Amino acid sequence: MSKIIARTGNEAMAEAMRQINPDVVAAYPITPATEIVMIFAKYVADGLVDTNYIAVESEHSAMSACVGASVAGARVMTGTSSQGLALMYEILPIAAALRLPIVMCDVNRALSGPINIHCDHSDTMAARDFGWIQIFSENSQEAYDSLIQAIRIAEDPRVHLPAMVTTDGFIISHCMDKIEILEDKEVKDFIGQERKAKTSLLDINNPVSVGLLDLQDYYFEHRVPVAQAMKDSKKVILEVAEEFGRKFGRKYGLLEGYKLEDAEFVAVALGSTCGTAKVVVDELRGKGVKAGLLKIRVFRPFPAEEIVAALTKAKAVAVLDRSDSWSSQGGQVSTEIRSAMYELSSKPKMINFIYGLGGREIDLPQIRSVYSALQAVDKQPLVQYLGVRE
Amino acid sequence: MCPGCGAPIIARQILLASKDPVVVVCATGCLEVSTTIFPYTAWTVPYLHNAFENAGATLSGVEAAYQNFKKKGKIGQHINFVAFGGDGGTYDIGLQSLSGAMERGHDLLYVCYNNEAYMNTGVQRSSATPKGANTTTEPAGKIQQGKVEWRKDLTEIMAAHNIPYVAQAIVGNWADLTRKAEKAYALRGPKFMNVLQPCRLGWGYKPEDTLELARLAFDTCFWPVYEVENGVYKVNKPKVKKPVVEYLKTQDRFRHLFKPGNEKLLEDIQAEVDRRWSQLLAKEALAKGGEVK
């Protein structure tokens with residue numbers, strides 16, 4: 001029997017970690033993800049988990065230790081944010097190339113500089129090309145559910161890739177929300193009692209050499225399978241979501257459409273902003289405006305075909321990016337969607353809003369202005385900064 | 001590896017000393033690139049390379065997984081966990097990762113094969129490079145005589161972690177080297193060994209002189225051979241302490257120091273070697289309860 005309780009995003013993720021009960025956790029504190037590590041450390045101290053917890057001296061060492069433990073065959077988790085994630089960047093693609101199913105709680109926070117502790121997606125977006133599955137959460141419930149699903153997805157033999165589940169710093173990580181928690185046994189049965197690694201560094205009778213120097217003659221052949229696994233993971237993500245929905249009643253996909261079927265004016269967003277946008281969609285629908293929202297839950301693998309199918313009937317689309325790619329062509333989500341839409345013969349007008357950097361609040365008037373812009377889309381520039389002072 | 005390289009001798013002797021199975025993590029460097037070019041591997045024991053600066057942290061993770069599996073009864077056999085890193089990957093870029101691993105008390109042995117510069121990438125200076133040595137990033141020139149700074153004393157930094165075992169050794173004394181490795185394996189907790197490894201390429205000498213050069217480093221006290229077991233110092237003393245120039249003159253990297261005008265520099269190097277040597281002897285005397293003079 002599941003139970004409904006009040007939890008912040010960090011508490012919800014720590015609770016999922018307790019139920020997952022990984023073999024090894026290596027983590028380092030960083031605002032706003034620190035609580036996850038603190039709560040989990042208390043679980044270790046109280047004997048509520050069997051985990052060997054390594055309180056490392058940096059995030060670089062956190063990810064390095066995760067790689068070591070995962071190559072040894074352990075089920076491994078970590079948590080971080082922003083600068084911490086940036087310090088891991090060197091090791092993230094190594095974890096992916098070694099096909100290690102490490103699962104990370106990633107609390108979205110703006111990258112320095114200037115130094116800032118609040119939410120935007122610049123940290124996670126900068127890690128989009130490192131071969132990690134990336135799942136965004138609209139609220140604590142999604143973070144909890146996705147973290148449990150991420151273990152199954154990452155460890156699936158068709159995938160064998162690391163995965164990060166993100167929440168929006170402070171907005172989700174520190175806000176109390178009503179969530180439904182599964183029974184410990186339900187979680188354990190869903191993810192499987194233990195990771196079934198094909199090889200282990202601790203198998204002394206079958207010694208393996210891992211992480212060899214790969215030159216012009218082999219490197220390429222070892223990179224392409226990572227791309228293939230990422231492509232294949234889409235099916236696995238959907239299968240795992242379907243099973244989760246069947247067993248526990250909460251449905252997930254790669255995307256979530258809100259009043260999208262007949263929508264003419266569509267906003268696309270990730271994370272907690274989607275909750276705010278849904279309110280505006282309802283308002284506009286009440287006034288007879290055919291507004292809709294497309295929420296991207298899974299950013300890696302990028303659900304290009306699904307996004308195209310969801311947007312093809314719209315008149316105008318505004319992509320909301322909570323980070324800037326500095327390309328002068330807009331944020332990462334916008335440029336990827338524009339690229340995916342290229343083959344369509346008849347496509348909606350598309351504009352991009354970069355908003356909420358460094359935790360700048362995204363409120364109802366700002367989102368209303370996005371839909372107003374969509375209704376006069378021909379007069380809009382390709383990229384606009386939303387909510388910034390002149 | 002290059003003819004006359006000391007690194008494989010160190011790896012082989014350290015691993016031969018283990019009676020139990022070993023698992024190895026290697027930092028990026030000479031030993032790593034020359035033993036594991038895909039699809040080949042020279043390693044017959046489990047081996048993992050992650051990156052340059054994180055051998056300490058990577059092996060921490062492997063050891064934590066082992067402790068977890070042992071706790072759950074999934075694994076029974078004792079395994080010795082060994083990391084190999086060059087001086088660049090240990091003294092410089094990997095120092096934080098190493099210090100963290102030592103402080104956290106993982107049951108592992110970290111071995112620095114110390115050839116006193118970044119040899120794999122073409123003899124760039126490291127904080128292990130001795131004063132006066134010619135390197136490609138702090139070369140001997142018209143107004144500068146090689147490395148300006150004194151080298152970092154990493155072994156003492158490791159000793160300051162108050163871990164069960166810290167040792168300095170040389171590649172030329174195999175009995176001492178393997179005895180130290182055996183001692184390290186017998187102790188539970190973090191262990192660190194710093195092994196001087198002459199590098200023919202970066203030091204400039206004949207390949208057949210590798211072991212002789214290491215012994216000369218010991219005989220001149222340029223590289224003291226000693227151990228710190230649970231805080232107690234034990235120093236190997238040369239029969240006759242030779243002048244440092246006997247060692248310096250054997251290598252191309254110090255050749256410029258013998259040009260007229262550099263006499264003072266040679267005196268300074270001798271004085272610093274003497275100072276560090278007497279400091280070490282004082283630490284040994286202190287451990288024995290003797291008087292510090």
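This one's a predicted model, so the numbers in the text were calculated from it and none came from an experiment.

(A) Up close: the overall build of chain A. Within chain A, the regular secondary structure consists of 13 helices and 16 strands. The C-alpha radius of gyration computed for chain A amounts to 21 Å, which stays within 12% of the reference 21 Å derived for 390 residues, consistent with globular compactness. If one aligns the C-alpha atoms of chain A with their principal axes, the spans along those axes are about 70 × 55 × 45 Å. When the 390 residues of chain A are sorted by exposure, 54% land in the buried category. The contacts in chain A between residues at least 6 apart in sequence include a share of 79% that link residues at least 24 apart.

(B) Structural view of the nonpolar core. Counting residues in hydrophobic clusters, the biggest one holds 210 residues, and the most contacted among them are Ala69(A), Ala95(A), Ala163(A), Val268(A), Val62(B), Val111(B) and Val195(B). Structurally, this core is a two-domain feature, drawing no fewer than three residues from each of domain 1 (3-248) and domain 2 (255-386) of chain A. Not counting residues up to four positions away in its chain, the partners in contact with Val111(B) are Ile10(B), Ile14(B), Val82(B), Ala83(B), Phe84(B), Met193(B) and Val195(B).

(C) Representation of the domain arrangement of chain A within the structure. Residue and element names in this part refer to chain A. Segmenting chain A into domains produces domain 1 (3-248) and domain 2 (255-386). Once you take the C-alpha centre of each, domain 1 and domain 2 turn out to be 28 Å apart. Secondary structure elements with two or more residues in the side of domain 1 that touches domain 2: helix H6 (122-126), strand E6 (133-136) and helix H9 (219-248). The element that contributes the greatest number of residues to the side of domain 1 that touches domain 2 is H9, accounting for five residues.

(D) A look at the interface of chain B and chain A. Of the residues lining the interface, 39 residues belong to chain B; the matching set on chain A comes to 37 residues. For the side of chain B that touches chain A, the secondary structure elements donating two or more residues are strand E1 (22-26), strand E2 (47-49), helix H3 (55-71) and helix H5 (95-103) of chain B. Among the elements that line the side of chain B that touches chain A, the one with the most residues is H3(B), at twelve residues. Here the side of chain B that touches chain A is built from residues that sort into 22 nonpolar, 15 polar and two charged. For strand E9 (residues 209-210) of chain A and E2(B), the ladder comprises two bridges, and the chain directions are parallel. By the bridge assignment, Val210(A) is partnered in E2(B) with Leu48(B).

(E) Summary view of the sheet that holds strand E6 (residues 191-196) of chain B. Read from one edge to the other, the open sheet built from nine strands follows the order E9(A)-E2(B)-E1(B)-E3(B)-E4(B)-E6(B)-E5(B)-E7(B)-E8(B), with strand pairing classed as mixed. The sheet terminates laterally at E9 of chain A together with strand E8 (232-236) of chain B, the two strands that pair on one side only. In terms of strand pairing, E1(B) meets strand E3 (residues 80-86) of chain B through five bridges, oriented parallel. Residue pairing in the sheet places Val23(B) in a bridge with Phe81(B) of E3(B). Relative to the sheet, H3(B) contacts E1, E2, E3 and strand E4 (109-114) of chain B, its axis offset from that of E3(B) by approximately 170°.

(F) The environment of Ala373(A), seen in detail. Residues and elements named next belong to chain A. The topology assignment puts Ala373 in helix H13 (residues 364-375). Sequence separation between Ala373 and Gly257 is 116 residues; the distance between their C-alpha atoms is 20 Å. Discounting residues that sit within four places of it in the chain, Ala373 has contacts with Ala318, Ile351 and Gln380.

Definitions and cut-offs
Residues numbered from 1 in each chain as written. Chains lettered and ligands numbered in written order. Predicted model: local features only at pLDDT ≥ 70, side-chain atom pairs only at ≥ 80, totals over all residues. Helix = DSSP H or I, 4+ residues; strand = E, 2+ residues; numbered from the N terminus. Rg over C-alpha atoms; globule rule 2.2 N^0.38 Å. Buried ≥ 20, exposed ≤ 12 C-beta atoms within 10 Å, placed from the backbone. Contact = placed C-beta atoms within 7 Å. Core = buried A, V, L, I, M, F, W, Y, C linked by C-beta atoms within 7 Å. Domains from an automatic or database assignment. Nonpolar A, V, L, I, M, F, W, Y, C, P; charged D, E, K, R; others polar. Pairing = 2+ DSSP bridges. Axes fitted to C-alpha atoms, helices over the stretch in contact; angles between N-to-C directions.

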